[in-house]
Amino acid sequence: MIGQRQGIIVWLYSLKQAKMLRRFGNVHYVSKKLKYAVIYCNLDEAEALMEKISSYSFVKKVEPSYKPFLKMEFENSSPDKAKEYDYKMGI
């Protein structure tokens, strides 16, 4: 049902217009202190939405999230044997 998702970080001059960003996608988080919002949308629509959002006067900067493009399998993901032994002992 939901395909690939892309996060878009929108830096704002004022938080008054943060509610207006709901029409572009799912607003996941709004930071009052740093004045930014995180929006999730479909991956294939992300570039067009970024251009459209950046054309508004209340938007300072628009950045994409690079999480879908990062490799999430880590090389050394096995736990350390010494720590594993300590946990079994109850120390």
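Residues numbered from 1 in each chain as written. Predicted model: local features only at pLDDT ≥ 70, side-chain atom pairs only at ≥ 80, totals over all residues. Heavy atoms only, no water.

An unreviewed UniProt entry lists the protein under the name UPF0298 protein EJA10_06670, with Mesobacillus subterraneus given as the organism. According to the UniProt record, the Sequence similarities (unreviewed entry) comment for the protein is "Belongs to the UPF0298 family." According to UniProt, the comment filed for the protein under the heading Subcellular location (unreviewed entry) is "Cytoplasm". (UniProt positions renumbered as here; feature names shortened; annotations may be inferred.)

**Student:** Could you give an account of the overall build of the protein, with specific residues and numbers?
**Tutor:** Scanning the protein from terminus to terminus reveals two helices and four strands. Considering the protein as a whole, with its 91 residues, one finds that 26% of them fall into the buried category. (Helix = DSSP H or I, 4+ residues; strand = E, 2+ residues; numbered from the N terminus. Buried < 20%, exposed > 50% of the residue type's maximum accessible area, 1.4 Å probe, protein only.)

**Student:** Tell me about the nonpolar core, and please be specific about residues and values.
**Tutor:** Ile8, Val10, Leu12, Leu21, Ile53, Val59 and Val62 are the most contacted members of the largest nonpolar core, which totals 16 residues. Secondary structure elements with two or more residues in this core: strand 1 (5–12), strand 3 (36–42), helix 1 (46–54) and strand 4 (59–64). At four residues, helix 1 tops the list of elements feeding residues into this core. (Core = buried A, V, L, I, M, F, W, Y, C linked by side-chain atoms within 4.5 Å.)

**Student:** Outline the environment of Trp11, listing residues and values.
**Tutor:** Within the secondary structure, Trp11 is located in strand 1. In contact with Trp11, not counting residues within four places along its chain, are Leu34, Lys35, Tyr36, Phe58, Val59, Lys60, Lys61 and Glu63. (Contact = heavy atoms within 4.5 Å.)

**Student:** Hey, could you go over unusual backbone geometry for me, with residue numbers and the actual values?
**Tutor:** Residues other than glycine seldom take positive phi values, yet Lys35 does so here, at roughly 60°. Of note, Lys35 is situated in the loop between strand 2 (26–31) and strand 3.

**Student:** Kindly report on the packing of aromatic side chains, identifying the contributing residues and their values.
**Tutor:** Remark: the centre distance and the inter-plane angle together describe each pair of aromatic rings, the angle taken between the planes. What the rule picks out here adds up to four aromatic pairs. Here a set of aromatic residues connected by ring pairs shows up, and it is made of Trp11, Tyr29 and Tyr36. (Phe/Tyr/Trp six-rings, centres within 6.5 Å; stacked < 30°, edge-to-face > 60°.)

**Student:** Pulling in residues and values, what's your account of the environment of Leu15?
**Tutor:** By secondary structure assignment, the location of Leu15 is in the loop between strand 1 and strand 2. Note: C-alpha distance between Leu15 and Phe58 (43 residues apart in sequence) is 8.8 Å. Excluding its chain neighbours within four sequence positions, the residues that come into contact with Leu15 are Val30, Ser31, Lys32 and Lys35.

**Student:** Give me the lowdown on the pairing of strand 2, citing residues and values where you can.
**Tutor:** As defined by bridge partners, strand 2 adjoins strand 3 across five bridges and the pair is classed as antiparallel. For Asn26, the partnering residue across the bridge sits in strand 3 and is Tyr40. Adjacent in sequence and paired antiparallel, strand 2 and strand 3 are bridged by four residues, among which Lys35 carries a positive phi angle near 60°. (Pairing = 2+ DSSP bridges.)

**Student:** Quick one: what's the story with a nonpolar patch on the surface, residue by residue and with numbers?
**Tutor:** Residues Tyr66, Phe69, Leu70, Met72 and Phe74 make up a contiguous nonpolar surface patch of about 640 Å² in total accessible area. Residue position: Phe69 is located in the loop between strand 4 and helix 2 (81–89). (Patch = residues over 30% accessible without salt bridge, like charges linked within 9 Å, V, L, I, M, F, W, Y side chains within 5 Å. Areas by Shrake-Rupley, 256 points an atom, 1.4 Å probe, with all protein chains shown as cover. Salt bridge = Lys/Arg side-chain N within 4 Å of Asp/Glu carboxyl O.)

**Student:** Lay out the sheet that holds strand 2 with the relevant residues and their values.
**Tutor:** Taken together, the four strands give an open sheet; going across it, the order is 2-3-1-4, and neighbouring strands pair in antiparallel fashion. Only two strands of the sheet have a single neighbouring strand rather than two, namely strand 2 and strand 4. Looking at each pair of strands side by side, their axes are set apart by 20° on average, direction ignored. Summarising the sheet, strand 1 and strand 3 pair through seven bridges and their orientation is antiparallel. When the bridges of strand 3 are listed, Arg5 appears paired with Asn42. (Axes fitted to C-alpha atoms, helices over the stretch in contact; angles between N-to-C directions.)

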